[in-house]
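Architecture at a glance
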Amino acid sequence: MSSIPHQSTALWSDALLRTLIELRQLFTQLESSLDETAREDFSKLFEGANRLERSLESSAHSSHDQLTDKTSRHDLMNVLAAIRGYAEMLQEDVSPDQPDLGDSLTRLLMTIQTADAGGESSARVRSTAISSDPGFILAVDDRQENRELVARYLSRSGHLVVTAATGEEALKTLEQADVDVVLLDLVMPGMDGREVLRRIKEHEDWRATPVIVISGHQDMEDIIECIEAGADDYLFKPFNPVLLQARIKAGIERKRWHDREELYRHQLERNEKFIRATFGRYLSDEIVTDILERPEGLELGGDLREVTIMMSDIRGFTTLSEHLAPDQVVKMLNRYLGTMTDIIMAHHGTIDEFLGDAILAVFGAPLEREDDAGRAVRCAQAMQAAMADINAENRAEGLPEVQTGIALNTGSVIAGNIGSERRSKYGFVGHPMNVTSRIEDHCAGGEILLSDSTLQKLDGLYAVTDRRSLKVKGINQAVVVHRLVEVEL
Amino acid sequence: MNKSSPVLLVEDNELNRDMLTRRLNRAGLTVIAAVDGEQALKLMAEHAPSVVLMDMNLPVKDGWTACREARDNEQLRHIPIIALTAHAMEADRIHALEAGCDDFATKPIDFPELLAKIEKLARA
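Residues numbered from 1 in each chain as written. Chains lettered and ligands numbered in written order. Predicted model: local features only at pLDDT ≥ 70, side-chain atom pairs only at ≥ 80, totals over all residues. Heavy atoms only, no water.

A count of helical and extended segments in chain A gives 16 helices and 13 strands. Pairs at least 24 apart in sequence give 69% of the contacts found in chain A among residues at least 6 apart. A total accessible area of about 24,700 Å² is found for chain A, and carbon and sulfur atoms account for 50% of it. (Helix = DSSP H or I, 4+ residues; strand = E, 2+ residues; numbered from the N terminus. Contact = heavy atoms within 4.5 Å. Areas by Shrake-Rupley, 256 points an atom, 1.4 Å probe, with all protein chains shown as cover.)

Counted under the stated rule, the structure contains 47 salt bridges over all chains. A salt bridge links Glu92 of chain A to Arg23 of chain B; the shortest N-O distance between them is 3.6 Å. With Glu92 of chain A in helix H3 (residues 66–94) and Arg23 of chain B in helix H1 (residues 14–26), this pair bridges two chains. With relative accessibility at 4%, the residue Arg23 of chain B sits in the buried group. The salt bridge involving Glu195 of chain A is made with Arg198 of chain A; its shortest N-O contact spans 2.8 Å. Taken together, the positions of Glu195 of chain A and Arg198 of chain A, both in helix H8 (residues 193–202) and three residues apart, correspond to about one turn of that helix. Among the residues examined, Glu195 of chain A registers a relative accessible area of 22% and is labelled partly exposed. (Salt bridge = Lys/Arg side-chain N within 4 Å of Asp/Glu carboxyl O. Buried < 20%, exposed > 50% of the residue type's maximum accessible area, 1.4 Å probe, protein only.)

Once that is clear, we can look at the interface of chain B and chain A. With 18 residues of chain B at the interface, the matching set in chain A holds 22 residues. The interface formed by chain B and chain A holds eight salt bridges in total. Taken together, the connections running from chain B to chain A amount to nine residue pairs in polar contact (both at pLDDT 80 or more). No other element matches the eight residues that H1 of chain B contributes to the side of chain B that touches chain A. Looking at the side of chain B that touches chain A residue by residue, the class counts come to seven nonpolar, four polar and seven charged. (Polar contact = N/O pair within 3.5 Å; in protein donor to acceptor, adjacent residues only side chain to side chain. Nonpolar A, V, L, I, M, F, W, Y, C, P; charged D, E, K, R; others polar.)

To continue, consider unusual backbone geometry. Between Ala365 of chain A and Pro366 of chain A the backbone carries a cis peptide bond, its omega angle lying at 0 degrees. In this model, Asp466 of chain A sits at a positive phi of 60 degrees, which is unusual for a non-glycine residue. Counting through the fold element by element, Asp466 of chain A comes out in strand S12 (residues 463–470). What makes Asp466 of chain A partly exposed here is its relative accessible area of 32%. If you check the backbone angles, Val60 of chain B has positive phi at about 65 degrees while not being a glycine.

Where strand S1 (residues 136–140) of chain A lies against strand S2 (residues 160–164) of chain A, five bridges are found, and the strand directions are parallel. The partner of Ile137 of chain A across the bridge, within S2 of chain A, is Val161 of chain A. (Pairing = 2+ DSSP bridges.)

For the rest of this paragraph, the subject is the packing of aromatic side chains. One pass over the structure, following the stated rule, counts four aromatic pairs over all chains. With centroids separated by 5.5 Å and ring planes inclined at 55 degrees, the aromatic side chains of Phe27 of chain A and Phe46 of chain A adopt a geometry described as tilted. With Phe27 of chain A in helix H1 (residues 3–30) and Phe46 of chain A in helix H2 (residues 36–61), the pair connects residues that are 19 residues apart, well separated along the chain. Of the two residues, Phe27 of chain A and Phe46 of chain A, neither departs from the other in class, the shared state being buried. Ring centres 5.8 Å apart and planes at 25 degrees place the aromatic pair Phe42 of chain A and Phe46 of chain A in the stacked group. Placement of both Phe42 of chain A and Phe46 of chain A in helix H2 is noted, with a separation of four residues, approximately one turn of the helix. Judged by relative accessible area, which is 0%, Phe42 of chain A ranks as buried. The ring centre of Trp257 of chain A lies 4.7 Å from the NZ or CZ of Arg260 of chain A, which sits over that ring. The positively charged end of Lys117 of chain B is found above the aromatic ring belonging to Phe104 of chain B, 5.5 Å away from the centroid. (Phe/Tyr/Trp six-rings, centres within 6.5 Å; stacked < 30°, edge-to-face > 60°. Lys NZ or Arg CZ within 6 Å of the ring centre and 35° of its normal.)

As a further point, take the pairing of strand S4 (residues 81–86) of chain B. Residue and element names in this part refer to chain B. Buried residues dominate S4, accounting for six of its six residues. Judged by which residues are buried, S4 turns out to be covered on both faces: Ile81, Ala83 and Thr85 on one side and Ile82, Leu84 and Ala86 on the other are all buried. With four bridges joining them, strand S3 (residues 51–55) and S4 adopt parallel strand pairing. Each residue of the ladder has a partner; that of Val52, found in S4, is Ile81. In the sheet, S4 pairs with strand S5 (residues 103–107) via five bridges, with the strands oriented parallel. Within the sheet, the bridge partner assigned to Thr85 lies in S5 and is Thr106.

Next up on the list: the packing of helix H13 (residues 326–346) of chain A against helix H14 (residues 372–396) of chain A. Residues and elements named next belong to chain A. For the pair H13 and H14, the least separation of the axes is 10 Å and the interaxial angle reads 150 degrees. Taken together, the axis directions place H13 and H14 in an arrangement best described as roughly antiparallel. Judged by the sense of rotation from one axis to the other, the crossing of H13 with H14 is right-handed. Between H13, through Met332, Arg335, Tyr336, Thr339, Met340, Ile343 and Ile344, and H14, the contact on the second element is made entirely by Cys379, Ala382, Met383, Ala386, Met387, Ile390, Glu393 and Asn394. Looking at the contact of H13 with H14 residue by residue, the classes come out as eleven nonpolar, two polar and two charged. (Axes fitted to C-alpha atoms, helices over the stretch in contact; angles between N-to-C directions. Parallel < 35°, antiparallel > 145°, perpendicular 65-115°, else oblique. Left-handed = near helix turned anticlockwise from the far one by under 90°.)

Okay, H13 of chain A next. All names here are of chain A. The first and last C-alpha atoms of H13 sit 30 Å apart over 21 residues, in line with the 30 Å expected at 1.5 Å per residue. Listed as buried for H13 are Val329, Met332, Leu333, Arg335, Tyr336, Leu337, Met340, Thr341, Ile343, Ile344 and Met345. Looking at the residues trailing H13, positive phi occurs at His348, about 55 degrees. (Expected span 1.5 Å × (residues − 1).)

Glancing now at the nonpolar core. Of all hydrophobic cores here, the largest spans 48 residues; its most connected members are Phe42, Leu45, Leu52 and Leu108 of chain A together with Leu53, Leu114 and Ile118 of chain B. The residues contacting Phe42 of chain A, other than those within four sequence positions of it, are Leu23, Phe27, Leu34, Leu90, Leu101 and Leu105 of chain A. Grouped together as the second largest cluster of nonpolar side chains are 33 residues, Met332, Val377, Cys379 and Leu399 of chain A included. (Core = buried A, V, L, I, M, F, W, Y, C linked by side-chain atoms within 4.5 Å.)

Residues and elements named next belong to chain B. Between helix H2 (residues 37–47) and helix H3 (residues 63–72), the least distance of the axes is 9 Å, while the angle of their chain directions is 30 degrees. Here H3 runs roughly parallel to H2, going by the angle between their axes. Crossing of H2 against H3: the hand is right-handed. Packed against H2, whose contacting residues are Gly37, Leu41 and Met44, the element H3 presents Ala66, Glu69 and Ala70 at the interface. The class makeup of the residues in the contact of H2 with H3 is four nonpolar, one polar and one charged.

What follows concerns the sheet that holds strand S2 (residues 31–34) of chain B. Picture the strands of a sheet paired through backbone hydrogen bonds; they go either parallel or antiparallel. Residue and element names in this part refer to chain B. One open sheet holds the five strands; their spatial order is S2-S1-S3-S4-S5, and the pairing between them is parallel. Sheet topology places S2 and S5 at the edges, where each strand pairs with a single neighbour. For this sheet the average axis-to-axis angle between neighbouring strands, irrespective of direction, equals 20 degrees. Of the strands in this sheet, strand S1 (7–10), S2, S3 and S4 are in contact with H1, which crosses S2 at around 165 degrees. In the packing of helix H5 (residues 111–123) onto the sheet, contacts are made with S1, S3, S4 and S5, and the angle to S5 comes to roughly 165 degrees.

The analysis is restricted to geometry; functional conclusions fall outside its scope.
Set out below in structure tokens:
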């Protein structure tokens, strides 16, 4: 015989002895009001209980050889049959006059039923079926013996059980601890179970905690009302311990699911915040939202993309800034960069970085569109067009006028989150980036220079002139660039 | 039911014998009890009980043997016997019927069901 049925024997026998102790206490209190037959039946029942205790004790110490096992099982069965017989007889006789005794006897009979089921081969199946994650259970019942009974059943299967004798006490416990399942007696003096249920389901943090209501009478309407009020499950008193375990298990699983879901939601929110923080300053809302909807999210690493790169800077700014006060430099720079940022975002460009007065922006990453090169060119035209307004404002404040040069180049770069876990940024790496920077070096103020590779990507009306070949460090082939000519459309 | 002829309860376990006797008395039946198969056959001959309730695991002479012997005995053959067999022991029930029992009740006993069986057999 394996050890599993032994464990389950311990489970029901403990419950059984507990119900017998409860019954004995009640009997002692009420003995005087019972007739002689009932008293005799009770004394016989307790005789059986004593026998049961002895037999359980000896079976716990006995060797595991089959013959002893079989004999002791047979003994046990007989004792249980006798106790059950007396309990049934007494239940019929005393229940009408002594409801408490009747309840206690019903509990005893339920436990014996479990013992009968548990004593047979189904014990193995049952004991595995109800094993579950240990949970933190709050048992609310105004009667001490019920609280003890529940605590005993449940702590045996590894649950942590706290009890509360009143509704007020239950709410206090909920405030202090993260409870997995609430076992709630409906009938209590003071704040009753229904009120406790209502408050749990109204409370933002407690709402998800499963509540199993326990009703003393088989009143379905009562139960339906509670389920409508948010109860997750119910049990009638006296409850079968196996059923209790099963419902607790289901409750804990429900709570765990909820907790996992909550955790996942928090992670998503954190991710979203991170993405908005990482991209929000450089990308339009539309693109950020697009990225958020992509399930792969933000992972370090990148992919090879064909993008159009834009680089712009203010001609002679370094020299210019040496003649201005620092606050004037910042004011001018912010005006210029602010306007440019708005224009780039309006054209769905991604700003990679600001380097002093220089802007590095990319079209085609993280999201690729068909007209990436075309948008880059239109963006550059809009930026040049905006210079007139910027300079008008500068003039009005006595600041010098500025001119910007813009270079455009198209090529394959690696786009992605580059950096370490602690500090990373969506950025771009690759030779075309450096090429763009070289082209920019050749830009005069007010000019837009674009490489041959960008020009080939354009469709529509653009006029170019001044074809030049530039020698770029690191590549043998010269880079061919064109100057964009303003065309009235 | 013939109240004058008693029910014979054959059960070696004192607790159960006691309990069932009390319950049967409560239901208005007269009960005589035996503790083994040998004694059972003797009381059947002496009292001609209306029904015998026989546990199968008995000392001295077990229930099956007692049952077969009663069936072979001209005088006892007509007395109905209900075998009390252990719960979930399918083989025992088949054995009991083969040995000549008229019916069986499994332990733990469903008492109302047992009463119905007694009544049916005692009437027949």
